[in-house]
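Residue strings, one per chain:
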Amino acid sequence: ALQQLRQNDADNPALAKYCRLGKKFSAEHHKSDTWYQDHFIATLAQLSASLSIPDFTEYAFSDESIETIVTNTGNKYNPVQFDQSELRNILKSRC
């Protein structure tokens, strides 16, 4: 999602937020905004793993379940506006 946001909406305020958060979670200085954005996302993944937060592979989502999720999911608070096909592909790649 970050790559898509960088390519399609480089001025999106979410990128600056990810950068600020990346700086808060890093002892590194003088890195690029992109580095801090990626660092923040990696930190979230590490935190999820250390807290044993299950990913979608723990659940047996059927194609029908995925379709229901995609149909009822909105992008209101997502900085990247995915269409239903993209949402479906993201879910399937994580199940």
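Preceding this paragraph is the structure being described.
Reference entry: report on the structure contained in this document.

Thresholds applied
Residues numbered from 1 in each chain as written. Predicted model: local features only at pLDDT ≥ 70, side-chain atom pairs only at ≥ 80, totals over all residues. Heavy atoms only, no water. Helix = DSSP H or I, 4+ residues; strand = E, 2+ residues; numbered from the N terminus. Buried < 20%, exposed > 50% of the residue type's maximum accessible area, 1.4 Å probe, protein only. Contact = heavy atoms within 4.5 Å. Axes fitted to C-alpha atoms, helices over the stretch in contact; angles between N-to-C directions. Parallel < 35°, antiparallel > 145°, perpendicular 65-115°, else oblique. Nonpolar A, V, L, I, M, F, W, Y, C, P; charged D, E, K, R; others polar. Expected span 1.5 Å × (residues − 1). Arc of directions from axis to C-beta. Polar contact = N/O pair within 3.5 Å; in protein donor to acceptor, adjacent residues only side chain to side chain. 1 Å grid on protein atoms, 1.4 Å probe; cavity = no way out; pocket = protein on both sides within 12 Å on 5 of 7 lines; lining within 4 Å. Points joined across faces, edges and corners; volume = space filled by probe spheres on them.

All right, on to the overall build of the protein chain then. Looking only at helices and strands, the protein chain has five helices and zero strands in total. Beginning at the N terminus, the succession of helices and strands in the protein chain can be written as α-α-α-α-α. Each principal axis of the C-alpha distribution contributes one length, and for the protein chain these read about 45 × 30 × 20 Å. Counting the 95 residues in the protein chain, one finds 21% classified as buried.

Locating Asn 75 in the fold gives a position in the loop between helix H4 (63-72) and helix H5 (84-94). The contact partners of Asn 75, leaving out residues within four places of it in the chain, are Val 80, Gln 81, Phe 82 and Leu 87.

The next thing to look at is the packing of helix H2 (residues 13-24) against helix H3 (residues 33-50). For any two helices packed against each other, one specifies the inter-axial angle together with the distance between the axes. Relative orientation of the contacting elements H2 and H3 amounts to 75 degrees, with a least axis distance of 7 Å. Comparing their axes, H3 and H2 come out roughly perpendicular. Of H3, the residues touching H2 (which contributes Leu 15, Tyr 18, Cys 19, Leu 21, Gly 22 and Lys 23) are Asp 33, Tyr 36, Gln 37, His 39, Phe 40 and Ile 41. By residue class, the composition of the contact of H2 with H3 is seven nonpolar, three polar and two charged.

A few words now on the environment of Gly 22. Positionally, Gly 22 belongs in helix H2. In sequence terms Gly 22 and Leu 2 are 20 residues apart; their C-alpha atoms lie 13 Å from each other. If we ignore the near neighbours within four places in the chain, the residues touching Gly 22 are Tyr 36, His 39 and Phe 40.

This next bit is on H2. Over its twelve residues, H2 extends 17 Å from the first C-alpha to the last, a length consistent with the 16 Å expected when each residue adds 1.5 Å. For H2, the set of buried residues is Ala 14, Leu 15, Cys 19 and Gly 22. Summarising the axial view, the buried residues of H2 lie within an arc of 145 degrees, below the 170-degree limit, and thus occupy one face. Opposite the buried face of H2, by more than 90 degrees, sit the exposed residues Pro 13 and Lys 24. Buried residues belonging to H2 abut helix H1 (2-8) and H3. Structurally, the start of H2 carries an N-cap: the backbone nitrogen of Ala 14 is 2.8 Å from a side-chain oxygen of Asn 12.

The topology assignment puts Gly 74 in the loop between H4 and H5. Look at Gly 74 and you get exposed, because its relative accessible area is 56%.

What follows covers the layout of surface pockets. Estimated volume of the largest pocket: approximately 710 Å³. Contributing to the lining of the largest pocket are 17 residues, with Ala 1, Ile 41, Leu 44, Ile 90 and Arg 94 lying nearest its centre. Of all elements in the fold, only H1, H3 and H5 reach the threshold of two or more residues within the lining of the largest pocket. Sort the elements by how many residues they give to the lining of the largest pocket and H3 lands first, with four residues. Residues belonging to the lining of the largest pocket are distributed by class as follows: 13 nonpolar, two polar and two charged.

Purely geometric numbers; function is a separate question.
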